[in-house]
Each structure stands twice: as C-alpha cells, then as structure tokens.
Amino acid sequence: MLSIKESVGETLSTPSPALETSDIQATVLRPRPKPYCGEYVILRIGNAEQGREMLRRILPYVAPADEWWVPSLPGWLGIAFTFEGLKALGVPQASLGSFPIEFRQGMAARAAILHDFGANAPANWEYPFGTPDAHVALAIYAQNNQDLQKVLDLARKSHHDLPQISVVYRMQFGELPEGRNPFGFKDGLHNPHVEGSGLAGAGQEASIKPGEFVMGYPDERGETANVPIPAELRRNGTFVAVRKFHMDVAAFRRYLRAQASSPEEEELIAAKMVGRWRSGAPLVLAPDRDDPALGTDGNRNNDFSYADDMKGLKCPFSSHIRRVNPRDALKNDIVAVDLHHFLRRGTNYGPPLPEGVLEDDGAERGGVFLLIGAYLHRQFEFIQSQWVTDGNFISHGTEQDPLIGNNEGDGIFTIPKRPVRRRLQGLPRFVTVRGGEYCFMPGLRALRWIARLGDDAEQTAAR
Amino acid sequence: MAPQTLTRPKQNQTVEDKVQQLRRLYADAPQYAKTALENSLGELTSFGSKPRARVESAGRTGSRQGKVSELTMIAPFAPGGAARLRALLQLRDGSFDDTDRVGTVHDMRFVFLDNDTKLLFATAYDGEWDPYIDDFATKITDQMDVIFSACEGWPGIRSPKVKDWIVKYQITAEGWYVAHPDLTVRDISHVKRIGKAAEEFLDKIG
C-alpha cells in the first residue's frame, strides 16, 4: 500500500520570501492594540469617481503592518471592500470576474453552505449586512476614545463634501474588563503563526506559509494565488470574512446552572465547551482546575498539542477550540489541517452583563470577528461548514460547536469521560449572527491602483 | 441547492397525472409488463405521495439523500489506461485501506465498458467532495493519480482543473436507493461500536 504523506510541509522545501510589511495592511498581520477601542464604519458609494476621491484622501492614513508599533497616527485604520463595493468603485469587469465565486456571491448568498439558518439567516441580519448597500468597510482601532475621535475625524473628512458617499453603518467596540469576552473567557488568544511576519510563534506550534493569509507568496500547497487579476490588485491583499455575533450571556449562565450541581461543576462544563478555562489556560495542560498563571503566560497558553489526549478525556473533541483549530487532533485522518486556518481579529462590543445575573437585560453585546485568509472557500467556509456546524469529522453525527454552533434548543454536547461519556442535551443558541460580509482587503499599492482607476482602467486590467 | 426529484416530472404533476403517463408509456410494453405495472401501482402510489427522504442535488452534479451523495462518472480510458487500472485493481485485491482513512466513502465500483474504452466509476459518499478536494490533493495525491490517470485528460488531483474534469464526465443518477440516508460511514462505525458494547453488557447481566 502506498504511504500517506504525513504533512503538507513535507512536499515543500523553498523558504518563503520576507513579507512586504510596508505594503500589507496592519489589520492582517498585527494583533489589535491593548487596551483597545474602536469603530466599524460601512460606506456606500453612489458614484465611482467620488468613491475613488474618498479613497485617495483616506489612503495616507491606512496603517501598514510595518508601522504598527510606531504608528504615524494615534490609531490604526484598515479598509476593505465587498464585491459590490469594487463594482461601485469602477474596478474593470475583467478584474471583477476573476475574483473567486464565493467572494462574488457574498456571504449572504452562501447561507446554505455556512449553515446560516433560522435566527442566523441573512433575512434576520442588521442593515446593511447582506444587502447591495454595503460597499466599504473601515475598521478603526485606537488605545483610547480621544485618539479614536481623531482618526474618525480623518475618515469623516475623506468624504464629508462628497454627496454620493454615505455612511450606512457605524458601531463602536471596546475592550471588556480583564481582556475577557462577554461570556467571561480571556479572548484573542490563538492565531496561527505566519512565516516571515516578524512575530515569534509560540513553542511547538508550526509556522504556516504566508501565502495562506496574504496573496503574492507561496501557500501550503506550494502555489501562489493567481486571481484576482491583475497582479497589482492582488499583491499583498487578502480576504476577510466579517461576522457580527450577538452573545446571549444570560442563556449561557442559565444553561450551566441547570446542568451543574455546584459552581465548580459549572466552571468545568464551561471550560469543556470552550476547551480553555476562563483564564485562558487550555484544558489539555490544566485538565482538572483553572490555572490563572498558565492562562496569562503567552509563552505557554498556546504551547500544546492533542497528542496525549486522542480520546478527548481532557479536552472534548467537540469543544470550541479543538473544532476551530484541531492542531494535531486529526493527524490520522485525510485532512490537511494547514489548508484550513484563518487569522482571527476579534473585538467585543456592548456592556458586560454583571456577574451573577441570569436574566437577559436586553442589551446588545457580543463580538465582531474579522476572519482573514487568502482562500475563503477552503479556510472560513470549510471551518464553518465542516468543523463548526457539523460533527461527522469527529464521529459526532450532527453535533455542532457548543458555543458558536447554530443550535436551536435541541443541540447536544458530548464530553468523553470514563467509564461512560456524559452528553449534555437541549443546547440553545448562545451566539446569533447579526450580519456578515466577505471583503477584499488590498495592499497599500493596490489601494492606490484602485484610486487611480479612471480612463485607462481597462488597459491596466488587461496587462 | 435546488431540490431535484429523481424523475424530473413536470411541475405540479399530480400522482394521478403520473399514473396516466405511466400507463401511456407502458401501452407498448409486453402484456406481462402491463400486468406488473397494474399490480405495482397500489404500492407505488402510496409512497409516491410521501417521499421517504428528499432527493437533492449534491454540489454541481449528482444527487444527495440525507447525508449520503452519489457520484457516477463515465470517462474514456487513456491509451493503455484500462490495462493499467485492471492490473492495479487486481494488485489491490479489494484492499482499500487508504479509502478507509478518508472515512466518508460508502462504496466505489470500477466498471470497464465498451471493450475497455470507457470507465464507469460509481460511488456513494457522505456530504460533498468539493470542500475536501484540496485535502485529497495534499494527503492522497498518489492514490488518486495512480487510479484516475487511467482516464483520458485527467489533469492530476493537484490541478485547479480537476473539479471541472470530474463534473464534465459526471452523470446524475435517474434513480438511486439508499437504505440509511441518515447515517454516514462514521455514524455506522459508531453504531457498530455501541452495538458491540451493548451486546457485551447484555451478555454479562443475562
């Protein structure tokens, strides 16, 4: 019998060229500032020339990855475009048609693949998500509100006298106490290590080829993305799946209370669902109780594998972090795990629900995630359809992610245990999709290419 | 994914219409076939009104029932391809450990047609192959290429053209029966493990 290749990397030997960090947007490669606050803005472009004028004015303020630690601005500005947005800017047809089908269709049209049914269906999304009115997405991060206002002012001045540019959406986000997410877990913990990005990886974790996350470099298949055309447009660009989630913190607490007979057991069940304790300590390294020192130690809290937990007795197969990033857990299957990563830039919004409160206060709270990668289809869409909203890959039937799955009150969650496993029943939906878009986040030179589009656009595209 | 029925009847065709159409089509058939039709109609119409599992399309071509999809393909052999594939299958002698490891394939059959000029490949599998094509290309490159290089124009599993090549030769089945459309290969393995453990438990207490 022919042998099965153990890793993707084995077939590749060429080292990756250094990333052009001065041309790649900071949002792609750098973690958010700490502490952080910020705002997402969505613009609609009613006139191509005015759209390009707006772009020309805002361009000097778009943060490149190399200036991230010495920002020339008091904040960070990222910019990305939906397919409708690129059309509205006058990107030539030859370029538009060369984009991958999932991007051209948009996230809402992919609902069946993404399992966005029921309350998560695009029909229930906030305006302008999933409509042809969402064109340009701005992500603005700062360390305090004063700085944020300065950057917002610059963004405003880029279009305040352009009547065909309208602000169709704004939302603020900000850090919760102790860097936790609304459910009370330390967040922003894991991201794959991008080879050549200038950041150090954690412990035994593998480096992922930069072409998985930025176009213009070799990827894990040993290839370099060849669409969209022309090369000037795609070089140092990438794709972003934007997802806005509402988190029902009260429902999560009530569910834990109903399933457990003690506060300690509530914490254990919560940790089993996530795969980490609230401090961030991974279950694989701290199976029995939380270890806050481990949770806060950035050198150790991602330095683990599932090799010693292949039965899931420490960290359940179905836990959130083991699904979304299986590491070596699927090494005996025909799955090339390194083809299915994304960079995750998450931000929280809304006030925290006070400790101990079990009834919903009606406040909007949750997270907005920018899930970044060069191949939406085999990265975000694969993870969402095969690993988050299905259980077959771990022999769990139709069981979904206990935390972010699209459960409708009849979800189950399996916790491997000796002598017999425990299965929780009746999981409700803890996280609801409020909206989403697929965006293209170009490099800085590509932004200038778009801004220059005009009379000679067709010739440029045909090159 | 638009629902696609097995026989593609005209829209809003009632069971009564379908029966009328069948009787017309069977009018030219031998008498025993006509009798057989009349004897079967009672049973056929009783489940015809409430389908057991909805038949949908699987990706671009092929159909899907519940969790199971079918792929049927007829592709011309490359020169010498039939001999190569026959020898390869004989060496394997029914052994498909690599396919076991894929974990989503119910069955596969390789049938040589028209004096070894065409390959009929038919398989039932779980979910969709499209999301996993890059995984196959990476993890079982040789296992795929050594088989399908027997066919004319096979671009190689790593080629971006491979999806189009498959779809080009794929034919959607007009009829298809699945005993357990709600069970994947992994579900079946799981049920077998649980069943064995339950029998052992019953043996001990019985």
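Residues numbered from 1 in each chain as written. Chains lettered and ligands numbered in written order. Predicted model: local features only at pLDDT ≥ 70, side-chain atom pairs only at ≥ 80, totals over all residues. Heavy atoms only, no water.

How should the overall build of chain B be read in this particular structure?
Scanning chain B from terminus to terminus reveals eight helices and five strands. When the helices and strands of chain B are placed in sequence order, the string is α-α-β-β-β-α-α-β-β-α-α-α-α. When the 206 residues of chain B are sorted by exposure, 39% land in the buried category. Sequence-distant contacts in chain B: of pairs separated by 6 or more residues, those separated by 24 or more amount to 65%. Surface accessibility of chain B: about 12,300 Å² in total, with carbon and sulfur atoms responsible for 56%. (Helix = DSSP H or I, 4+ residues; strand = E, 2+ residues; numbered from the N terminus. Buried < 20%, exposed > 50% of the residue type's maximum accessible area, 1.4 Å probe, protein only. Contact = heavy atoms within 4.5 Å. Areas by Shrake-Rupley, 256 points an atom, 1.4 Å probe, with all protein chains shown as cover.)

Can you help me understand the packing of helix H2 (residues 48-58) of chain A against helix H14 (residues 444-452) of chain A in this one?
The relative placement of two packed helices is expressed as an angle between their axes plus a distance between the axes. Residues and elements named next belong to chain A. Running from N to C, H2 and H14 point in directions that differ by 145 degrees, and their axes come no closer than 8 Å. The crossing of H2 and H14 is left-handed. Residues Arg 52, Leu 55 and Arg 56 of H2 touch H14, and the partners they reach there are Leu 447, Ile 450 and Ala 451. Split into classes, the residues belonging to the contact of H2 with H14 amount to four nonpolar, no polar and two charged. (Axes fitted to C-alpha atoms, helices over the stretch in contact; angles between N-to-C directions. Left-handed = near helix turned anticlockwise from the far one by under 90°. Nonpolar A, V, L, I, M, F, W, Y, C, P; charged D, E, K, R; others polar.)

Help me out: how do you make sense of the nonpolar core in this one?
The nonpolar side chains of a soluble globular protein tend to be buried with one another. With 164 residues, the main nonpolar core has Leu 138 and Ile 450 of chain A as its most contacted residues. Excluding residues that lie within four positions of it along the chain, Leu 138 of chain A makes contacts with Glu 39, Tyr 40, Val 41, Leu 43, Ile 58, Leu 77, Gly 78, Ile 79 and Ala 155 of chain A. (Core = buried A, V, L, I, M, F, W, Y, C linked by side-chain atoms within 4.5 Å.)

Which parts of the structure should I look at to understand the confidence of the model for chain B?
All names here are of chain B. Scored by pLDDT, chain B has a mean of 89; 89% of the residues are at 70 or more. Predicted confidence is poor over residues 1-9, with pLDDT under 50, and the contacts of this stretch with residues over four places away or in other chains come to 18 contacts. Interface confidence in the predicted complex, given as ipTM, is 0.85; pTM for the same model is 0.91. (pLDDT = per-residue confidence, 0-100.)

Can you help me understand the packing of aromatic side chains in this one?
Two aromatic rings are characterised by how far apart their centres lie and by the angle between their planes. Applying the stated criterion across every chain yields a total of 27 aromatic pairs over all chains. Between Phe 103 of chain A and Phe 239 of chain A the ring centres are 5.3 Å apart and the planes differ by 55 degrees, which places this aromatic pair in the tilted class. Of this pair, Phe 103 of chain A sits in helix H5 (residues 101-105) while Phe 239 of chain A sits in strand E7 (residues 238-247), placing them 136 residues apart in sequence. For the pair shown, Phe 103 of chain A and Phe 239 of chain A are each scored as buried. For the pair Phe 96 of chain B and Phe 110 of chain B, a centre-to-centre distance of 6.4 Å together with 10 degrees between the ring planes defines the contact as stacked. Remark: Phe 110 of chain B occurs in strand E4 (residues 105-113) and Phe 96 of chain B occurs in the loop between helix H3 (81-92) and helix H4 (97-102); sequence separation between them is 14 residues. Grouping aromatic residues by their ring pairs yields a cluster made of Phe 96, Phe 110, Phe 121, Phe 148, Trp 154, Trp 165 and Tyr 169 of chain B. Its guanidinium or amino end placed over the ring of Tyr 217 of chain A, Arg 235 of chain A lies 5.0 Å from that ring's centre, counting from NZ or CZ. Over the aromatic face of Phe 304 of chain A sits the side chain of Arg 327 of chain A, whose NZ or CZ is 3.8 Å from the ring centroid. (Phe/Tyr/Trp six-rings, centres within 6.5 Å; stacked < 30°, edge-to-face > 60°. Lys NZ or Arg CZ within 6 Å of the ring centre and 35° of its normal.)

How should unusual backbone geometry be read in this particular structure?
For residues besides glycine, phi is generally negative; the peptide bonds are generally trans as well. Residues and elements named next belong to chain A. Pro 128 follows Tyr 127 through a cis peptide bond whose omega is 5 degrees. Assignment of secondary structure puts Pro 128 in the loop between helix H6 (111-114) and strand E3 (136-142). A cis amide bond links Arg 418 to the next residue, Pro 419, at an omega of 0 degrees. The residue Pro 419 is located in the loop between strand E10 (411-415) and strand E11 (422-427) in this model. A positive phi is found at Asn 236, a non-glycine position, where the angle reads about 65 degrees. Looking at the secondary structure, you find Asn 236 in the loop between helix H8 (231-234) and E7.

Quick question: what am I supposed to make of the pairing of E11 of chain A here?
Where a strand is regular, its side chains alternate between the two sheet faces. Residues and elements named next belong to chain A. Of the strand pairs in this sheet, E10 and E11 are connected by four bridges, and their pairing is antiparallel. By the bridge assignment, Thr 414 is partnered in E11 with Arg 423. Between E10 and E11, which pair antiparallel and follow one another directly, the connecting turn spans six residues. (Pairing = 2+ DSSP bridges.)

Sorry if this is basic, but what is going on with helix H6 (residues 141-148) of chain B here?
Three- or four-residue spacings in an α-helix give side chains the same orientation, since the helix completes a turn every 3.6 residues. Among the residues of H6 of chain B, Thr 141, Gln 143, Met 144, Ile 147 and Phe 148 of chain B are the ones counted as buried. The inward-facing, buried residues of H6 of chain B abut strand E3 (68-76), H3, H4, E4, strand E5 (118-126) and helix H5 (133-139) of chain B.

Can you walk me through a nonpolar patch on the surface in this structure?
Where nonpolar side chains cluster on the molecular surface, the patch consists of Phe 201, Leu 202 and Ile 205 of chain B and spans about 330 Å² of accessible area. Taking the relative accessible area as the measure of exposure, Ile 205 of chain B reaches 59% and is therefore exposed. (Patch = residues over 30% accessible without salt bridge, like charges linked within 9 Å, V, L, I, M, F, W, Y side chains within 5 Å. Salt bridge = Lys/Arg side-chain N within 4 Å of Asp/Glu carboxyl O.)

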